[in-house]
Amino acid sequence: MSLNDLPTGGSAPRALRDAERISDPELAFGAQLLGAVGPLPRSEQRKRRGWARLSSSSTGLGWRLRGAQLALAGVLIAGASSAGVIQYLRSSQTTPAPRGSAAEPRPRVAPVTTPAPLASPAQPTRSASEPAPPASAATAELGSRPAARGATRAKPEPSITKAARSEAEAQLLVEAMRARRSGDPERAGALVDEYRLKHPNGALQEEALILSIESAVTRKAGNSAALAREYLTRYPRGRFRAQAQRVLAPEGR
Amino acid sequence: MSSTLQKLTAESLSVDAIKPAPRAEGELPSFQSVYDEHFHDVLRWARAMGGRDEDLDDLAQEVFIIVRRKLLRFDGANLAGWLYRITQRTVRDYRRAAWFRNLLARKKIADPERALLKLVEPGRGPAEEQELREARRSLTLILDQMSSKQRTAFVLFELEGYTGEEIAALEGAPVSTIFTRLHHARKEFAAIVKRLKAERRLG
(Lines give C-alpha, C1' and ligand atoms only; values in the text may rest on other atoms or scores of the structure.)
Protein backbone atom coordinates (compact mmCIF):
# COMPACT_ATOMS: atom_id res chain seq x y z
CA MET A 1 0.00 0.00 0.00
CA SER A 2 1.25 3.49 -0.75
CA LEU A 3 -0.16 7.00 -0.69
CA ASN A 4 -0.92 6.68 -4.41
CA ASP A 5 -3.06 3.60 -3.75
CA LEU A 6 -5.33 5.45 -1.38
CA PRO A 7 -9.00 5.32 -2.27
CA THR A 8 -10.83 8.43 -3.30
CA GLY A 9 -14.62 8.17 -3.07
CA GLY A 10 -16.50 4.95 -3.52
CA SER A 11 -14.02 2.11 -3.11
CA ALA A 12 -13.66 0.56 0.33
CA PRO A 13 -10.12 0.97 1.65
CA ARG A 14 -8.28 -1.42 3.90
CA ALA A 15 -7.10 -0.26 7.30
CA LEU A 16 -3.42 0.59 7.51
CA ARG A 17 -2.96 -1.85 10.36
CA ASP A 18 -4.17 -4.72 8.19
CA ALA A 19 -2.03 -3.85 5.16
CA GLU A 20 0.62 -6.48 4.42
CA ARG A 21 3.20 -4.12 3.01
CA ILE A 22 3.32 -0.32 3.06
CA SER A 23 5.84 1.33 0.79
CA ASP A 24 5.60 4.86 2.23
CA PRO A 25 7.87 5.05 5.29
CA GLU A 26 5.62 7.61 7.04
CA LEU A 27 2.51 5.49 6.62
CA ALA A 28 4.45 2.39 7.67
CA PHE A 29 5.52 4.23 10.81
CA GLY A 30 1.89 5.24 11.36
CA ALA A 31 0.70 1.65 10.93
CA GLN A 32 3.26 0.56 13.49
CA LEU A 33 1.99 3.16 15.98
CA LEU A 34 -1.63 2.25 15.34
CA GLY A 35 -0.84 -1.43 15.85
CA ALA A 36 0.96 -0.72 19.12
CA VAL A 37 -1.78 1.49 20.56
CA GLY A 38 -4.72 -0.58 19.29
CA PRO A 39 -8.44 -0.01 19.79
CA LEU A 40 -9.79 1.05 23.15
CA PRO A 41 -10.28 -2.15 25.16
CA ARG A 42 -13.71 -2.90 26.57
CA SER A 43 -13.73 -2.82 30.33
CA GLU A 44 -16.67 -3.93 32.42
CA GLN A 45 -15.00 -2.51 35.48
CA ARG A 46 -14.75 0.89 33.84
CA LYS A 47 -18.38 0.71 32.83
CA ARG A 48 -19.54 -0.21 36.33
CA ARG A 49 -17.43 2.58 37.79
CA GLY A 50 -18.97 5.02 35.34
CA TRP A 51 -22.46 3.87 36.27
CA ALA A 52 -21.72 4.26 39.98
CA ARG A 53 -20.42 7.79 39.39
CA LEU A 54 -23.43 8.59 37.27
CA SER A 55 -25.85 7.26 39.87
CA SER A 56 -24.29 9.36 42.60
CA SER A 57 -24.07 12.43 40.41
CA SER A 58 -26.94 14.85 40.31
CA THR A 59 -25.03 17.68 38.69
CA GLY A 60 -26.15 19.05 35.40
CA LEU A 61 -23.06 21.18 35.02
CA GLY A 62 -21.70 20.33 31.63
CA TRP A 63 -18.54 21.31 29.85
CA ARG A 64 -20.59 23.94 28.13
CA LEU A 65 -21.37 25.82 31.31
CA ARG A 66 -17.88 25.27 32.61
CA GLY A 67 -16.49 26.40 29.26
CA ALA A 68 -18.57 29.56 29.41
CA GLN A 69 -17.37 30.28 32.94
CA LEU A 70 -13.78 29.68 31.98
CA ALA A 71 -14.13 31.77 28.84
CA LEU A 72 -15.54 34.60 30.98
CA ALA A 73 -12.57 34.34 33.32
CA GLY A 74 -10.26 34.34 30.29
CA VAL A 75 -11.87 37.47 28.86
CA LEU A 76 -11.63 39.16 32.24
CA ILE A 77 -7.96 38.30 32.58
CA ALA A 78 -7.20 39.35 29.00
CA GLY A 79 -9.01 42.66 29.56
CA ALA A 80 -7.17 43.23 32.79
CA SER A 81 -3.84 42.54 31.10
CA SER A 82 -4.48 45.05 28.35
CA ALA A 83 -5.76 47.62 30.87
CA GLY A 84 -2.62 47.04 32.90
CA VAL A 85 -0.43 47.68 29.86
CA ILE A 86 -2.30 50.90 29.06
CA GLN A 87 -2.02 52.02 32.66
CA TYR A 88 1.69 51.20 32.69
CA LEU A 89 2.28 53.13 29.46
CA ARG A 90 0.44 56.14 30.83
CA SER A 91 2.22 56.12 34.15
CA SER A 92 5.61 55.76 32.43
CA GLN A 93 5.28 59.23 30.83
CA THR A 94 8.05 61.21 32.53
CA THR A 95 6.76 64.78 31.95
CA PRO A 96 3.10 65.07 32.74
CA ALA A 97 1.24 67.76 30.87
CA PRO A 98 -0.21 70.58 32.95
CA ARG A 99 -3.89 70.19 33.81
CA GLY A 100 -6.11 72.10 31.50
CA SER A 101 -3.72 72.28 28.57
CA ALA A 102 -4.97 71.26 25.14
CA ALA A 103 -2.48 68.39 24.87
CA GLU A 104 -3.38 66.85 28.20
CA PRO A 105 -4.41 63.20 27.98
CA ARG A 106 -7.66 62.86 29.85
CA PRO A 107 -7.84 60.12 32.47
CA ARG A 108 -10.00 57.23 31.27
CA VAL A 109 -13.10 57.74 33.40
CA ALA A 110 -16.76 57.99 32.60
CA PRO A 111 -18.01 61.52 31.97
CA VAL A 112 -19.63 63.22 34.94
CA THR A 113 -22.77 65.08 34.03
CA THR A 114 -23.04 67.30 37.11
CA PRO A 115 -19.88 69.38 37.61
CA ALA A 116 -18.60 69.48 41.18
CA PRO A 117 -18.20 72.89 42.85
CA LEU A 118 -14.62 74.04 42.38
CA ALA A 119 -14.24 75.54 45.85
CA SER A 120 -15.62 72.60 47.79
CA PRO A 121 -13.65 72.12 51.05
CA ALA A 122 -13.11 68.41 50.53
CA GLN A 123 -12.08 68.92 46.91
CA PRO A 124 -9.14 71.30 46.88
CA THR A 125 -8.46 72.97 43.59
CA ARG A 126 -5.27 72.10 41.82
CA SER A 127 -2.85 74.67 40.46
CA ALA A 128 -2.17 74.74 36.74
CA SER A 129 1.36 73.41 37.23
CA GLU A 130 0.24 70.44 39.33
CA PRO A 131 0.57 67.18 37.42
CA ALA A 132 -2.57 65.34 36.43
CA PRO A 133 -3.21 62.25 38.55
CA PRO A 134 -2.84 58.81 37.03
CA ALA A 135 -5.95 56.97 35.89
CA SER A 136 -6.31 54.90 39.06
CA ALA A 137 -6.09 57.98 41.28
CA ALA A 138 -8.61 59.72 39.09
CA THR A 139 -10.94 56.79 39.47
CA ALA A 140 -10.59 56.80 43.23
CA GLU A 141 -11.13 60.55 43.29
CA LEU A 142 -14.26 60.22 41.25
CA GLY A 143 -15.50 57.51 43.57
CA SER A 144 -15.28 59.90 46.52
CA ARG A 145 -16.79 62.86 44.69
CA PRO A 146 -20.28 62.66 46.20
CA ALA A 147 -18.68 63.10 49.64
CA ALA A 148 -17.03 66.25 48.36
CA ARG A 149 -20.41 67.60 47.43
CA GLY A 150 -21.41 67.48 51.05
CA ALA A 151 -23.19 64.16 51.16
CA THR A 152 -22.67 62.38 54.47
CA ARG A 153 -22.29 58.89 53.01
CA ALA A 154 -20.05 58.30 50.00
CA LYS A 155 -21.83 56.32 47.31
CA PRO A 156 -19.30 55.23 44.68
CA GLU A 157 -20.09 55.33 40.97
CA PRO A 158 -20.92 51.65 40.55
CA SER A 159 -19.85 51.17 36.93
CA ILE A 160 -16.44 52.75 37.40
CA THR A 161 -15.46 51.32 40.75
CA LYS A 162 -16.74 47.87 39.87
CA ALA A 163 -14.72 47.79 36.67
CA ALA A 164 -11.62 49.12 38.39
CA ARG A 165 -12.00 46.55 41.15
CA SER A 166 -12.40 43.71 38.65
CA GLU A 167 -9.29 44.87 36.81
CA ALA A 168 -7.22 45.08 39.96
CA GLU A 169 -8.54 41.71 41.06
CA ALA A 170 -7.74 39.96 37.83
CA GLN A 171 -4.37 41.70 37.59
CA LEU A 172 -3.22 40.05 40.80
CA LEU A 173 -4.14 36.61 39.52
CA VAL A 174 -2.54 37.33 36.15
CA GLU A 175 0.67 38.20 38.00
CA ALA A 176 0.34 35.03 40.05
CA MET A 177 -0.06 32.92 36.93
CA ARG A 178 2.95 34.63 35.33
CA ALA A 179 5.03 33.85 38.39
CA ARG A 180 3.78 30.28 38.29
CA ARG A 181 4.70 29.92 34.63
CA SER A 182 8.15 31.35 35.22
CA GLY A 183 8.74 28.68 37.87
CA ASP A 184 8.38 30.86 40.96
CA PRO A 185 5.73 29.13 43.08
CA GLU A 186 6.72 31.14 46.17
CA ARG A 187 5.81 34.43 44.52
CA ALA A 188 2.74 32.89 42.88
CA GLY A 189 1.55 31.68 46.29
CA ALA A 190 2.19 35.07 47.85
CA LEU A 191 0.24 36.87 45.11
CA VAL A 192 -2.67 34.47 45.39
CA ASP A 193 -2.71 34.90 49.16
CA GLU A 194 -2.68 38.66 48.66
CA TYR A 195 -5.61 38.34 46.30
CA ARG A 196 -7.55 36.23 48.77
CA LEU A 197 -6.94 38.73 51.55
CA LYS A 198 -7.71 41.81 49.49
CA HIS A 199 -10.76 40.44 47.73
CA PRO A 200 -12.52 38.05 50.10
CA ASN A 201 -15.67 38.31 47.98
CA GLY A 202 -13.87 38.55 44.64
CA ALA A 203 -15.28 37.06 41.49
CA LEU A 204 -12.21 34.87 41.04
CA GLN A 205 -12.06 33.46 44.56
CA GLU A 206 -12.55 29.90 43.34
CA GLU A 207 -9.69 30.19 40.86
CA ALA A 208 -7.51 31.83 43.52
CA LEU A 209 -8.19 29.02 45.95
CA ILE A 210 -7.29 26.30 43.46
CA LEU A 211 -4.12 28.20 42.51
CA SER A 212 -3.34 28.43 46.19
CA ILE A 213 -3.78 24.66 46.54
CA GLU A 214 -1.58 24.04 43.55
CA SER A 215 1.09 26.35 44.89
CA ALA A 216 0.97 24.60 48.28
CA VAL A 217 1.30 21.18 46.59
CA THR A 218 4.24 22.40 44.49
CA ARG A 219 5.99 23.86 47.52
CA LYS A 220 5.13 20.75 49.55
CA ALA A 221 3.57 23.07 52.11
CA GLY A 222 1.65 21.40 54.90
CA ASN A 223 -1.55 23.33 54.37
CA SER A 224 -2.48 21.84 50.97
CA ALA A 225 -4.96 19.37 52.50
CA ALA A 226 -6.58 22.07 54.62
CA LEU A 227 -6.93 24.27 51.55
CA ALA A 228 -8.38 21.39 49.54
CA ARG A 229 -10.92 20.75 52.30
CA GLU A 230 -11.77 24.44 52.32
CA TYR A 231 -12.29 24.30 48.56
CA LEU A 232 -14.61 21.30 48.80
CA THR A 233 -16.59 22.92 51.60
CA ARG A 234 -16.98 26.21 49.80
CA TYR A 235 -17.47 24.77 46.33
CA PRO A 236 -18.92 21.26 46.70
CA ARG A 237 -19.79 21.32 43.00
CA GLY A 238 -16.84 23.44 41.92
CA ARG A 239 -15.20 22.72 38.62
CA PHE A 240 -11.86 21.90 40.24
CA ARG A 241 -13.31 19.51 42.82
CA ALA A 242 -11.61 16.52 41.20
CA GLN A 243 -8.23 18.17 41.70
CA ALA A 244 -9.05 19.07 45.28
CA GLN A 245 -10.20 15.52 45.95
CA ARG A 246 -6.95 14.18 44.52
CA VAL A 247 -4.99 16.27 46.97
CA LEU A 248 -6.98 14.74 49.81
CA ALA A 249 -7.05 11.20 48.41
CA PRO A 250 -3.67 9.96 49.76
CA GLU A 251 -4.79 10.94 53.26
CA GLY A 252 -7.76 8.61 53.19
CA ARG A 253 -5.77 5.63 51.95
CA MET B 1 -2.64 -11.88 19.50
CA SER B 2 -3.91 -10.24 16.35
CA SER B 3 -6.15 -7.23 16.74
CA THR B 4 -9.13 -9.03 15.19
CA LEU B 5 -8.78 -11.95 17.57
CA GLN B 6 -8.34 -9.55 20.47
CA LYS B 7 -11.54 -7.78 19.47
CA LEU B 8 -13.50 -10.99 19.09
CA THR B 9 -12.35 -12.27 22.47
CA ALA B 10 -13.25 -9.00 24.13
CA GLU B 11 -16.67 -9.05 22.51
CA SER B 12 -17.42 -12.63 23.46
CA LEU B 13 -16.54 -11.94 27.07
CA SER B 14 -18.42 -8.70 27.34
CA VAL B 15 -22.00 -8.22 28.38
CA ASP B 16 -21.98 -5.34 25.88
CA ALA B 17 -22.16 -7.97 23.16
CA ILE B 18 -25.46 -9.35 24.48
CA LYS B 19 -28.16 -7.84 22.36
CA PRO B 20 -31.15 -6.44 24.21
CA ALA B 21 -34.68 -7.42 23.22
CA PRO B 22 -35.78 -5.53 20.09
CA ARG B 23 -37.80 -2.41 20.77
CA ALA B 24 -41.12 -1.62 19.20
CA GLU B 25 -41.16 1.12 16.58
CA GLY B 26 -40.94 4.57 18.22
CA GLU B 27 -40.55 3.12 21.70
CA LEU B 28 -38.02 5.00 23.80
CA PRO B 29 -35.16 2.97 25.25
CA SER B 30 -34.55 3.09 28.98
CA PHE B 31 -31.59 5.12 30.17
CA GLN B 32 -29.88 2.06 31.56
CA SER B 33 -30.16 0.18 28.29
CA VAL B 34 -28.72 3.16 26.42
CA TYR B 35 -25.84 3.25 28.88
CA ASP B 36 -25.24 -0.51 28.70
CA GLU B 37 -25.31 -0.60 24.93
CA HIS B 38 -23.33 2.50 24.17
CA PHE B 39 -20.96 3.28 27.05
CA HIS B 40 -18.01 1.78 25.23
CA ASP B 41 -18.97 3.46 21.93
CA VAL B 42 -19.08 6.85 23.62
CA LEU B 43 -15.57 6.30 24.99
CA ARG B 44 -14.29 5.32 21.54
CA TRP B 45 -15.96 8.28 19.86
CA ALA B 46 -14.67 10.69 22.47
CA ARG B 47 -11.15 9.40 21.94
CA ALA B 48 -11.49 9.69 18.16
CA MET B 49 -12.70 13.27 18.53
CA GLY B 50 -9.62 14.26 20.51
CA GLY B 51 -10.46 13.48 24.14
CA ARG B 52 -7.41 12.63 26.21
CA ASP B 53 -7.28 9.08 27.58
CA GLU B 54 -7.31 10.37 31.16
CA ASP B 55 -10.44 12.45 30.49
CA LEU B 56 -12.53 9.82 28.69
CA ASP B 57 -14.43 8.71 31.78
CA ASP B 58 -15.32 12.30 32.66
CA LEU B 59 -16.43 12.94 29.09
CA ALA B 60 -18.60 9.82 29.04
CA GLN B 61 -20.17 10.94 32.29
CA GLU B 62 -20.95 14.36 30.83
CA VAL B 63 -22.49 12.72 27.76
CA PHE B 64 -24.72 10.42 29.80
CA ILE B 65 -25.82 13.22 32.12
CA ILE B 66 -27.08 15.02 28.99
CA VAL B 67 -28.61 11.80 27.66
CA ARG B 68 -30.49 11.27 30.94
CA ARG B 69 -31.86 14.81 30.71
CA LYS B 70 -32.82 14.67 27.05
CA LEU B 71 -33.89 11.08 26.56
CA LEU B 72 -37.59 11.89 26.79
CA ARG B 73 -37.23 14.31 23.90
CA PHE B 74 -35.35 11.83 21.70
CA ASP B 75 -37.38 10.98 18.58
CA GLY B 76 -36.48 7.28 18.66
CA ALA B 77 -34.64 7.20 15.32
CA ASN B 78 -30.89 6.52 15.01
CA LEU B 79 -29.94 6.31 18.67
CA ALA B 80 -26.25 5.89 17.86
CA GLY B 81 -26.29 9.01 15.65
CA TRP B 82 -28.04 11.00 18.40
CA LEU B 83 -25.47 9.91 20.98
CA TYR B 84 -22.65 10.60 18.56
CA ARG B 85 -23.82 14.20 18.10
CA ILE B 86 -24.09 14.70 21.87
CA THR B 87 -20.55 13.32 22.21
CA GLN B 88 -19.36 15.63 19.43
CA ARG B 89 -20.72 18.71 21.20
CA THR B 90 -19.42 17.58 24.59
CA VAL B 91 -15.91 16.93 23.27
CA ARG B 92 -15.93 20.23 21.35
CA ASP B 93 -16.79 22.15 24.53
CA TYR B 94 -14.23 20.15 26.49
CA ARG B 95 -11.51 20.99 23.97
CA ARG B 96 -12.42 24.66 24.07
CA ALA B 97 -12.13 24.71 27.84
CA ALA B 98 -9.00 22.57 27.84
CA TRP B 99 -6.52 25.41 27.35
CA PHE B 100 -7.60 27.10 30.56
CA ARG B 101 -7.81 23.88 32.53
CA ASN B 102 -4.35 22.92 31.35
CA LEU B 103 -3.11 26.33 32.37
CA LEU B 104 -4.39 25.81 35.89
CA ALA B 105 -3.47 22.14 36.15
CA ARG B 106 -0.19 22.17 34.26
CA LYS B 107 1.44 20.00 36.83
CA LYS B 108 -0.89 17.05 36.96
CA ILE B 109 -1.53 15.62 40.36
CA ALA B 110 -1.22 11.84 40.21
CA ASP B 111 -4.51 9.98 40.32
CA PRO B 112 -4.11 7.42 43.12
CA GLU B 113 -7.15 5.45 41.95
CA ARG B 114 -5.64 4.86 38.52
CA ALA B 115 -2.25 4.07 40.00
CA LEU B 116 -3.92 1.50 42.22
CA LEU B 117 -5.80 -0.04 39.31
CA LYS B 118 -2.52 -0.38 37.45
CA LEU B 119 -1.11 -2.32 40.35
CA VAL B 120 -4.19 -4.53 40.59
CA GLU B 121 -4.29 -5.15 36.84
CA PRO B 122 -0.70 -5.76 35.84
CA GLY B 123 -0.49 -7.59 32.48
CA ARG B 124 2.41 -5.68 30.94
CA GLY B 125 6.04 -5.55 31.89
CA PRO B 126 7.82 -2.23 32.40
CA ALA B 127 9.49 -2.34 28.97
CA GLU B 128 6.18 -3.02 27.18
CA GLU B 129 4.46 -0.37 29.26
CA GLN B 130 7.14 2.14 28.29
CA GLU B 131 6.85 1.18 24.63
CA LEU B 132 3.08 1.59 24.71
CA ARG B 133 3.37 4.94 26.46
CA GLU B 134 5.81 6.14 23.84
CA ALA B 135 3.57 4.95 20.99
CA ARG B 136 0.57 6.71 22.57
CA ARG B 137 2.56 9.90 23.02
CA SER B 138 3.71 9.87 19.39
CA LEU B 139 0.25 9.10 18.06
CA THR B 140 -1.33 11.86 20.17
CA LEU B 141 1.32 14.29 18.94
CA ILE B 142 0.42 13.50 15.33
CA LEU B 143 -3.36 13.36 15.77
CA ASP B 144 -3.42 16.67 17.66
CA GLN B 145 -2.19 18.38 14.51
CA MET B 146 -4.82 16.92 12.20
CA SER B 147 -8.03 18.70 11.37
CA SER B 148 -10.99 17.64 13.48
CA LYS B 149 -13.14 15.82 10.88
CA GLN B 150 -10.21 13.99 9.33
CA ARG B 151 -8.81 12.93 12.67
CA THR B 152 -12.18 11.51 13.73
CA ALA B 153 -12.60 9.51 10.50
CA PHE B 154 -8.98 8.37 10.67
CA VAL B 155 -9.12 7.15 14.29
CA LEU B 156 -12.51 5.48 13.94
CA PHE B 157 -11.44 3.66 10.79
CA GLU B 158 -7.77 2.95 11.38
CA LEU B 159 -7.71 2.47 15.13
CA GLU B 160 -11.18 1.47 16.27
CA GLY B 161 -11.98 -0.72 13.27
CA TYR B 162 -15.22 0.99 12.16
CA THR B 163 -16.21 0.52 8.52
CA GLY B 164 -16.78 3.47 6.22
CA GLU B 165 -20.52 2.74 6.24
CA GLU B 166 -20.67 2.78 10.04
CA ILE B 167 -18.84 6.11 10.22
CA ALA B 168 -21.11 7.52 7.52
CA ALA B 169 -24.20 6.51 9.51
CA LEU B 170 -22.85 8.18 12.64
CA GLU B 171 -21.76 11.33 10.88
CA GLY B 172 -24.89 11.53 8.74
CA ALA B 173 -22.72 11.88 5.64
CA PRO B 174 -22.40 9.84 2.41
CA VAL B 175 -19.89 6.98 2.49
CA SER B 176 -17.95 8.57 -0.36
CA THR B 177 -17.45 11.69 1.80
CA ILE B 178 -16.02 9.55 4.59
CA PHE B 179 -13.62 7.81 2.21
CA THR B 180 -12.53 11.16 0.83
CA ARG B 181 -11.92 12.39 4.37
CA LEU B 182 -9.94 9.25 5.06
CA HIS B 183 -7.90 9.74 1.91
CA HIS B 184 -6.96 13.28 2.94
CA ALA B 185 -6.44 12.20 6.54
CA ARG B 186 -3.84 9.63 5.48
CA LYS B 187 -2.05 12.21 3.38
CA GLU B 188 -2.12 14.68 6.24
CA PHE B 189 -0.96 12.01 8.67
CA ALA B 190 2.01 11.09 6.45
CA ALA B 191 2.94 14.76 6.01
CA ILE B 192 2.84 15.39 9.77
CA VAL B 193 4.98 12.31 10.46
CA LYS B 194 7.51 13.51 7.89
CA ARG B 195 7.64 16.99 9.41
CA LEU B 196 7.88 15.78 13.00
CA LYS B 197 10.65 13.36 12.06
CA ALA B 198 12.54 16.19 10.38
CA GLU B 199 12.12 18.23 13.56
CA ARG B 200 13.36 15.18 15.53
CA ARG B 201 10.22 15.11 17.63
CA LEU B 202 9.41 11.54 16.62
CA GLY B 203 11.59 8.51 17.09
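The structure presented is a predicted model; accordingly, all values stated were derived computationally and were not measured.

Bringing helix α7 (residues 185-198) of chain A into the picture now. Residue and element names in this part refer to chain A. Given a rise of 1.5 Å per residue, 14 residues ought to cover 20 Å, and the 20 Å separating the end C-alpha atoms of α7 matches this to within 8%. For α7, every residue scored as buried is listed here: A188, G189, L191, V192, Y195 and R196. Taken around the axis of α7, the buried residues stretch over an arc of 165 degrees, which confines them to a single face. Turned more than 90 degrees away from the buried face of α7 sit E186, L197 and K198, all of them exposed.

Residue and element names in this part refer to chain B. Along the chain, R151 falls in helix α7 (residues 148-159). It is 9.9 Å that separates the C-alpha atoms of R151 and H184, two residues lying 33 residues apart in sequence. Discounting residues that sit within four places of it in the chain, R151 has contacts with A48, M49, G50, R95, L143 and M146. Looking at R151, its side chain comes within polar contact range of the main-chain oxygen of A48, at 3.3 Å.

Let's shift gears to the packing of aromatic side chains. In this structure the tally under the stated criterion is ten aromatic pairs over all chains. Here the aromatic rings of W45(B) and Y84(B) are separated by 5.3 Å at their centres, their planes lie at 75 degrees, and the arrangement is edge-to-face. One end of the pair, W45(B), is in helix α2 (residues 31-48); the other, Y84(B), is in helix α4 (residues 79-104), with 39 residues separating them in the sequence. In terms of burial, W45(B) and Y84(B) fall into one category: buried. Lying over the aromatic face of F29(A), K197(B) brings its terminal NZ or CZ to 4.2 Å of the ring centre.

Relative to the assigned elements, R53(A) resides in helix α2 (residues 44-56). Accessibility expressed as a relative area gives 32% for R53(A), which makes it partly exposed. Look past the residues within four positions of R53(A) in its chain and what remains in contact with it is D57(B), D58(B) and Q61(B). Looking at R53(A), its side chain comes within polar contact range of the side chain of Q61(B), at 2.8 Å.

A word on unusual backbone geometry. In this structure, N78(B) takes a positive phi of about 50 degrees despite not being glycine. Looking at the secondary structure, you find N78(B) in the loop between α3 (56-70) and α4.

Turning next to the confidence of the model for chain A. All names here are of chain A. Across chain A, the average pLDDT comes to 66, with 55% of residues at 70 or higher. Per-element confidence in chain A ranges from a low mean pLDDT of 39 for helix α4 (residues 135-143) to a high of 87 for helix α9 (residues 224-234). In this model, residues 94-152 is a region of pLDDT below 50 whose contacts with residues beyond four sequence positions or in other chains number 53 contacts. The low-confidence segment residues 154-160, where pLDDT is below 50, has eight contacts with residues more than four positions distant or belonging to other chains.

Of all hydrophobic cores here, the largest spans 65 residues; its most connected members are W45(B), F64(B), V67(B), I142(B), F154(B) and F189(B). For this core, the secondary structure elements donating two or more residues are α1 (25-37) of chain A together with α2, α3, α4, α6 (126-143), α7, α8 (164-171) and α9 (175-198) of chain B. For F189(B), the residues in contact, after removing those within four places along its chain, are E26(A), L27(A), G30(A), L139(B), I142(B), L143(B), M146(B) and F154(B).

What counts, and at which threshold
Residues numbered from 1 in each chain as written. Chains lettered and ligands numbered in written order. Predicted model: local features only at pLDDT ≥ 70, side-chain atom pairs only at ≥ 80, totals over all residues. Heavy atoms only, no water. Helix = DSSP H or I, 4+ residues; strand = E, 2+ residues; numbered from the N terminus. Expected span 1.5 Å × (residues − 1). Buried < 20%, exposed > 50% of the residue type's maximum accessible area, 1.4 Å probe, protein only. Arc of directions from axis to C-beta. Contact = heavy atoms within 4.5 Å. Polar contact = N/O pair within 3.5 Å; in protein donor to acceptor, adjacent residues only side chain to side chain. Phe/Tyr/Trp six-rings, centres within 6.5 Å; stacked < 30°, edge-to-face > 60°. Lys NZ or Arg CZ within 6 Å of the ring centre and 35° of its normal. pLDDT = per-residue confidence, 0-100. Core = buried A, V, L, I, M, F, W, Y, C linked by side-chain atoms within 4.5 Å.

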